Amino acid sequence: MTDCGYMSPASSPSDFRRLTQLVLANALDRAGTWVCEPLAELSLEMPQETAPGVLGLLGKLGGRVTGQFSADGVTRAGAILPVAHVRSLQARLPGLSMGEGILESRPDGYQPIGDDPPSRERSGPSPLDRDAWLASLSKRG
C-alpha cells in the first residue's frame with residue numbers, strides 16, 4: 001500500500017498495512033487471475049543430421065518450433081520454450097549436436113500454465129480465509 005487515509009487515534013498506519021494482503025487477495029480472487037510462466041524465443045543452429053534429436057528434445061521440454069531452414073548441412077530453427085526449460089536444452093545441446101550447436105535466447109512474453117499451477121504451502125493463514133486472517137492479525141498485536 002502506498003497511500004491511504006487514516007485518522008489517528010482511531011487507526012494507525014499498521015492497521016492498513018496489515019489489511020493490505022486481505023484486500024489484495026480478495027481483489028485477485030474476484031478478478032479471476034491465472035498463473036503464467038515466462039517464455040523464451042530461441043534461435044538454434046546445428047548440423048543438419050543432428051536436428052531431429054535437438055528438435056525432439058525441444059518438443060519434450062514443452063517447446064514449439066516456429067520456423068526451420070536447412071542448407072549446406074546446417075539447420076537453423078526458431079522456437080518458443082518455457083524459460084524454466086532453457087537450461088536443460090542448453091546443457092544437452094553439445095551432446096546432441098556433436099558440439100556444434102548454437103543457442104541464443106531472449107524473453108518472449110508469458111503463457112498461462114493451465115489447470116494445475118504450482119503452489120506452495122502457506123506459512124500462515126490465507127488472506128482468502130477472512131476470519132482466520134483477521135484472527136491472526138489480532139494475535140500479532
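Below you will find a few notes about this structure. (Residues numbered from 1 in each chain as written. Predicted model: local features only at pLDDT ≥ 70, side-chain atom pairs only at ≥ 80, totals over all residues. Heavy atoms only, no water.)

1. Overview of the pairing of strand 1 (residues 36-47)
Sheet topology places strand 1 next to strand 4 (residues 102-112); nine bridges connect them, and they run antiparallel. Pairing of E41 across the sheet is with R106, part of strand 4. In terms of strand pairing, strand 1 meets strand 3 (residues 74-82) through nine bridges, oriented antiparallel. Looking at the pairing, M46 lines up with T75 of strand 3. (Pairing = 2+ DSSP bridges. Helix = DSSP H or I, 4+ residues; strand = E, 2+ residues; numbered from the N terminus.)

2. Quick word on the nonpolar core
Core analysis: the biggest nonpolar cluster contains 16 residues, and L42, L44, M46, L58, L81 and L89 have the highest contact counts within it. If you list the elements that add at least two residues to this core, you get strand 1, helix 2 (51-60), strand 3 and helix 3 (86-96). Among the elements that make up this core, the one with the highest residue count is helix 2 (five residues). (Core = buried A, V, L, I, M, F, W, Y, C linked by side-chain atoms within 4.5 Å. Buried < 20%, exposed > 50% of the residue type's maximum accessible area, 1.4 Å probe, protein only.)

3. A short note on the layout of surface pockets
A water-sized probe, rolled over the atoms, reveals where empty space remains. Each pocket or cavity is described by its volume, and for the largest pocket that value is around 310 Å³. P118, S119, R120, E121 and R122 are, among the 13 residues lining the largest pocket, the residues nearest its centre. Its residues assigned to classes, the lining of the largest pocket comprises six nonpolar, four polar and three charged. (1 Å grid on protein atoms, 1.4 Å probe; cavity = no way out; pocket = protein on both sides within 12 Å on 5 of 7 lines; lining within 4 Å. Points joined across faces, edges and corners; volume = space filled by probe spheres on them. Nonpolar A, V, L, I, M, F, W, Y, C, P; charged D, E, K, R; others polar.)

4. Regarding the side chain of T50
As for its placement among the helices and strands, T50 is situated in the loop between strand 1 and helix 2. On the accessibility criterion, T50 (7% relative accessible area) is buried. Polar side-chain contacts of T50 include one of 2.8 Å to the backbone oxygen of P47. Residues contacting T50, with those up to four places away along its chain left out, are L96, S97 and M98. (Polar contact = N/O pair within 3.5 Å; in protein donor to acceptor, adjacent residues only side chain to side chain. Contact = heavy atoms within 4.5 Å.)

5. Here's the deal with a nonpolar patch on the surface
The grouping of L19, V23 and L134 at the surface amounts to a nonpolar patch, some 230 Å² of accessible area in total. A relative accessible area of 34% places L19 in the partly exposed class. (Patch = residues over 30% accessible without salt bridge, like charges linked within 9 Å, V, L, I, M, F, W, Y side chains within 5 Å. Areas by Shrake-Rupley, 256 points an atom, 1.4 Å probe, with all protein chains shown as cover. Salt bridge = Lys/Arg side-chain N within 4 Å of Asp/Glu carboxyl O.)

6. Some points on the packing of helix 2 against helix 3
At their nearest, the axes of helix 2 and helix 3 sit 10 Å apart, and the two run at 160° to each other. As far as their axial angle goes, helix 3 and helix 2 are roughly antiparallel. Both helix 2 and helix 3 take part in a crossing whose hand is right-handed. The residues of helix 3 that touch helix 2, namely those facing G53, V54, L57 and L58, are L89, R92, L93 and L96. Partitioned by chemical class, the residues of the contact of helix 2 with helix 3 number six nonpolar, one polar and one charged. (Axes fitted to C-alpha atoms, helices over the stretch in contact; angles between N-to-C directions. Parallel < 35°, antiparallel > 145°, perpendicular 65-115°, else oblique. Left-handed = near helix turned anticlockwise from the far one by under 90°.)

7. Details of helix 3
All buried positions along helix 3 are accounted for by V86, L89 and L93. Around the axis of helix 3, the buried residues are gathered within 50° of arc, so they sit on the same side. Facing away from the buried side of helix 3 by more than 90 degrees, the exposed set consists of R87, A91 and G95. Elements that come into contact with the buried residues of helix 3 comprise strand 1, helix 2, strand 3 and strand 4. Trailing helix 3 by a residue or two, M98 shows a phi angle of about 55°, which is positive. (Arc of directions from axis to C-beta.)

8. Points about the sheet that holds strand 2 (residues 64-71)
Here four strands make up an open sheet; going across it, the order is 2-3-1-4 and the pairing antiparallel. Each edge of the open sheet is held by one strand with a lone partner, namely strand 2 and strand 4. Put simply, the sheet's adjacent strands are angled 15° from each other on average, direction ignored.

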